[in-house]
Amino acid sequence: MSKYTKKDILEMVEEEDVEFIRLQFTDLFGSMKNLAITSGHLKKALENKVMFDGSSIEGFVRVDESDMYLYPDYSTFTMFPWRPQHGKVARLICDVYRPDGTCYEGDPRYILKKVVSEAAGMGYVFQVGPECEFFLYHMDDNGMPTNITHEQAGYFDMGPLDFGENARRDMVLTLEDMGFEVEASHHENAPAQHEIDFHYDDALTAADNMMTFKLAVKTIAKRHGLHATFMPKPKRGIDGSGLHINMSLSKDGVNIFQDTHDSNGLSQEAYYFLGGIMKHIKAMTLILNPLVNSYKRLVPGYEAPVYIVWSAKNRTPLVRIPATRGEDTRIELRSPDPACNPYLALAVCLAAGLEGIRQKTEPPKSIDRDANRLTPEELKDLQIESLPRNLKEAVEAFEKDPLMKEVLGEEVCQKYAFGKRREWEEYNAQVSQWELDNYLLKI
């Protein structure tokens, strides 16, 4: 996105007849929040003088320390194409600060910026290309979302089989109007499932884009009478939605993951980065797959990974090395889902990779076949472990890993783990339809 000055933004707001500006930020668990102001208060906002109650935001501060300030990032200024042409609406993504002018350490955007700064100190720029999947479902007569669809389209199908083709086209056009460079879009494997991929960018811009992407997709879907959901597994018996994260490091404008002399085309830094990811992936899973529902996707028999393996010759593992080489050499992590907080997800990925480089962590030997087809004996012989099977196991792995506390901070770790443990306990207290179907008549 373009870089703007305060003067630029004030002039654009006046010239474009912008009436409302949304000051956006993201809470600990990945929900976008905003405070709307009129254009008459924009100068005050650009001078970092807009305050809000941080105690009202889940995972933020206590009531007795609730005053927080929003510091807009000028480079994120953009107008919403779907709002009226008269009295337009624009947005600025903000960082969260304390009254004393210090960064709030629980702000997810600050957490990512901190790790990005660490990478910069090592001479690296972290480049990210997300591939985000979602479902388009009908809404009921009351305008509430369902998980109902009447289409039966699959991979790369087009209209008339793809009922969501027009909505997806409008999403792409809207995103491009907002400054996105959309590389591709298509129908995914499951009925009503779609994917839109946008261009590689630096980590902070990519995380900002992912939050904006979700808002735009949901807004445009509703205009088509549909509900867009980023729920990882909205239906049993079909593939769930993933958020594949393609990653590379550059130094002095050159992708340092490439090496033409290596059999896999990877540099030693790439192997170490991969080793760091593999070492910490169990703990990272709580951040990358944050819902009870996330683990309904991470099961054998579907496209999501289950086992902690990597390959440069197979499309199914947790981490794969896509075939492109040279400046496009990258590592693709396939376990994350779109329910994750992108700031925290990219922060833990980068931190694990950097630690791998610093400590020269070698990854395990690659497994160049589908690990889901291996027998229990083969998995044991090859010492292949699996990702956490549910939210409880993910919390336990998260709490045991010192790197998570180093990246997120002790307080954020405690708040995050507490919130997720409570979610697991609430889930376990529910009586599901499966239990009624299997026990009510028989027992």
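Parameters and conventions
Residues numbered from 1 in each chain as written. Predicted model: local features only at pLDDT ≥ 70, side-chain atom pairs only at ≥ 80, totals over all residues. Heavy atoms only, no water. Patch = residues over 30% accessible without salt bridge, like charges linked within 9 Å, V, L, I, M, F, W, Y side chains within 5 Å. Areas by Shrake-Rupley, 256 points an atom, 1.4 Å probe, with all protein chains shown as cover. Salt bridge = Lys/Arg side-chain N within 4 Å of Asp/Glu carboxyl O. Helix = DSSP H or I, 4+ residues; strand = E, 2+ residues; numbered from the N terminus. Buried < 20%, exposed > 50% of the residue type's maximum accessible area, 1.4 Å probe, protein only. Core = buried A, V, L, I, M, F, W, Y, C linked by side-chain atoms within 4.5 Å. Contact = heavy atoms within 4.5 Å. Axes fitted to C-alpha atoms, helices over the stretch in contact; angles between N-to-C directions. Parallel < 35°, antiparallel > 145°, perpendicular 65-115°, else oblique. Left-handed = near helix turned anticlockwise from the far one by under 90°. Nonpolar A, V, L, I, M, F, W, Y, C, P; charged D, E, K, R; others polar. Expected span 1.5 Å × (residues − 1).

*Asks:* Would you mind going over a nonpolar patch on the surface with me for this structure?
*Replies:* A contiguous nonpolar patch, built from Val431, Leu436 and Leu440 and spanning about 310 Å² of accessible area, is present on the exposed surface. With respect to the helices and strands, Leu436 occurs in helix 13 (residues 433-440). Leu436 gets classed as partly exposed once you look at its relative accessible area, which sits at 36%.

*Asks:* Help me out: how do you make sense of the nonpolar core in this one?
*Replies:* What tends to happen in soluble globular proteins is that the nonpolar side chains get buried as a cluster. Counting residues in each nonpolar core, the largest one holds 97 residues, and the members touching the most others are Phe213, Leu249, Phe273, Leu346 and Leu408. Examining the composition of this core, we find that 13 residues originate from one element, helix 6 (residues 268-288), more than from any other. Once you skip the residues sitting within four places of it in the chain, Leu408 turns out to touch Glu105, Ile111, Ile287, Leu344, Val348, Phe398 and Cys413. Listed in part, the 23 residues of the second largest apolar core include Met12, Leu23, Leu42 and Phe60.

*Asks:* What's the story with the packing of helix 3 (residues 108-121) against helix 8 (residues 342-359) in this structure? I'm lost.
*Replies:* Packed helices, taken two at a time, are described by the angle between their axes plus the distance between the axes. Running from amino to carboxyl end, helix 3 crosses helix 8 at an angle of 25 degrees, the nearest separation of the two axes being 8 Å. One finds that helix 3 runs roughly parallel with respect to helix 8. Once helix 3 is placed against helix 8, the crossing between them reads as left-handed. Taking contact as the criterion, the partners of Pro108, Arg109, Ile111, Leu112, Val115, Val116, Glu118 and Ala119 in helix 3 are, on helix 8, Tyr343, Leu344, Leu346, Ala347, Leu350, Ala351, Leu354 and Arg358. A class-by-class count of the residues in the contact of helix 3 with helix 8 yields 13 nonpolar, no polar and 3 charged.

*Asks:* Looking at this model, I keep getting lost on the pattern of salt bridges. Mind explaining?
*Replies:* It is possible for side chains of opposite charge to pair when their charged atoms get near one another. Under the counting rule described, the total for this entry stands at 22 salt bridges. The structure contains a network of salt bridges with shared partners spanning Asp73, Asp95, Arg109, Lys113 and Asp208.

*Asks:* Whenever I open this one, the environment of Phe77 confuses me. Can you help?
*Replies:* With respect to the element layout, Phe77 can be found in the loop between strand 4 (67-72) and strand 5 (78-79). Looking at Phe77, the relative accessible area reads 5%, which means it is buried. Through-space distance from the C-alpha of Phe77 to that of His150 is 39 Å; in sequence the pair is 73 residues apart. Leave out the neighbours within four places in its chain, and Phe77 touches Tyr4, Ile9, Met12, Val13, Ala90, Arg91 and Leu92.

*Asks:* Where do I start with helix 5 (residues 203-223) in this structure?
*Replies:* What sets the pattern is the α-helix's 3.6 residues per turn: residues three or four places apart point alike. Over its 21 residues, helix 5 extends 30 Å from the first C-alpha to the last, a length consistent with the 30 Å expected when each residue adds 1.5 Å. A large share of helix 5 lies buried, amounting to 16 of its 21 residues. Downstream of helix 5 by one or two residues, Gly225 has phi in the positive range, about 75 degrees.

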